[in-house]
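Spelled out from the first residue to the last, the chains are:
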Amino acid sequence: MLYTFKSAASADVLMLGEPAKKLVALIGKDPADTQGIVTVEQLPGAIARLRAAIEEDRARQAERERQRSADDEAADREAGRSGMAAPVGLAQRAWPLLDMMEASLKEETPVIWTT
């Protein structure tokens, strides 16, 4: 399923189902909803929750990297989990939506999503 996030303050953000549902839940909305709105009044809280989730994810990734060995890295390369095939983290997925929400807050316009 494809989610489309829209705001008059920026270009649309398109996202596939499960990652989009996770972000919808992180901003405090029901991920089962196929459409919704983040009002101007709700934007500061949604932005704060998303920023906190990004920071937590970055901290977890940094800890994992500290614990990795050369053997782990070699195994990832052999399995094709490096370079462009490396897993995409929450921060990478969330930035376009976060940028949209910040622009929307600045221009005092809501963010909506549909599937």
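Everything quoted here is computed from the prediction, not taken from an experiment. (Residues numbered from 1 in each chain as written. Predicted model: local features only at pLDDT ≥ 70, side-chain atom pairs only at ≥ 80, totals over all residues. Heavy atoms only, no water.)

Time to look at the sheet that holds strand β3 (residues 35–38). The sheet built from four strands is open, its strands ordered β2-β1-β4-β3 with antiparallel pairing. Two strands lie at the open edges of the sheet, namely β2 (10–16) and β3, each paired on one side alone. Between one strand and the next, the sheet's axes are offset by a mean angle of 15°, whatever the strand orientation. Of the strands in this sheet, β1 (2–7), β2 and β4 (111–114) are in contact with helix α1 (residues 17–26), which crosses β2 at around 115°. Against the sheet, helix α4 (residues 90–107) touches β1, β2 and β4, its axis set at about 150° to β2. (Pairing = 2+ DSSP bridges. Helix = DSSP H or I, 4+ residues; strand = E, 2+ residues; numbered from the N terminus. Axes fitted to C-alpha atoms, helices over the stretch in contact; angles between N-to-C directions. Contact = heavy atoms within 4.5 Å.)

The next thing to look at is a nonpolar patch on the surface. A surface patch of nonpolar side chains, about 310 Å² in accessible area, is lined by Leu2, Leu14 and Leu16. Considering the arrangement of structural elements, one finds Leu14 in strand β2. (Patch = residues over 30% accessible without salt bridge, like charges linked within 9 Å, V, L, I, M, F, W, Y side chains within 5 Å. Areas by Shrake-Rupley, 256 points an atom, 1.4 Å probe, with all protein chains shown as cover. Salt bridge = Lys/Arg side-chain N within 4 Å of Asp/Glu carboxyl O.)

In this model α4 runs 26 Å from its N-terminal to its C-terminal C-alpha over 18 residues, within 8% of the 26 Å that 1.5 Å per residue would give. At Pro96, α4 shows its maximal bend, which comes to roughly 30°. Among the residues making up α4, those that are buried are Leu90, Ala91, Ala94, Leu97, Leu98, Met100, Met101 and Ser104. Tucked into the core, α4 has its buried residues touching β1, β2, α1, α2 (43–67) and β4. Looking at the residues trailing α4, positive phi occurs at Glu108, about 55°. (Expected span 1.5 Å × (residues − 1). Bend = angle between axes of the 7 residues up to and from the residue. Buried < 20%, exposed > 50% of the residue type's maximum accessible area, 1.4 Å probe, protein only.)

A word on the packing of α2 against α4. Pairs of packed helices are described in terms of their axes, by the angle between the two and the distance that separates them. Close contact between α2 and α4 brings their axes to 10 Å; oriented N to C, the two are set at 160°. Accordingly, the angle class assigned to the pair α2 and α4 is roughly antiparallel. Remark: the crossing between α2 and α4 carries left-handed chirality. Facing α2, whose interface residues are Leu43, Pro44, Ala46, Ile47, Leu50, Arg51, Ala53, Ile54, Asp57 and Arg58, α4 presents Leu90, Ala91, Ala94, Trp95, Leu97, Leu98, Met101, Glu102, Ser104 and Leu105. Counted by class, the contact of α2 with α4 contains 15 nonpolar, one polar and four charged residues. (Parallel < 35°, antiparallel > 145°, perpendicular 65-115°, else oblique. Left-handed = near helix turned anticlockwise from the far one by under 90°. Nonpolar A, V, L, I, M, F, W, Y, C, P; charged D, E, K, R; others polar.)

Note that all results are geometric; they support no functional claim without further evidence.
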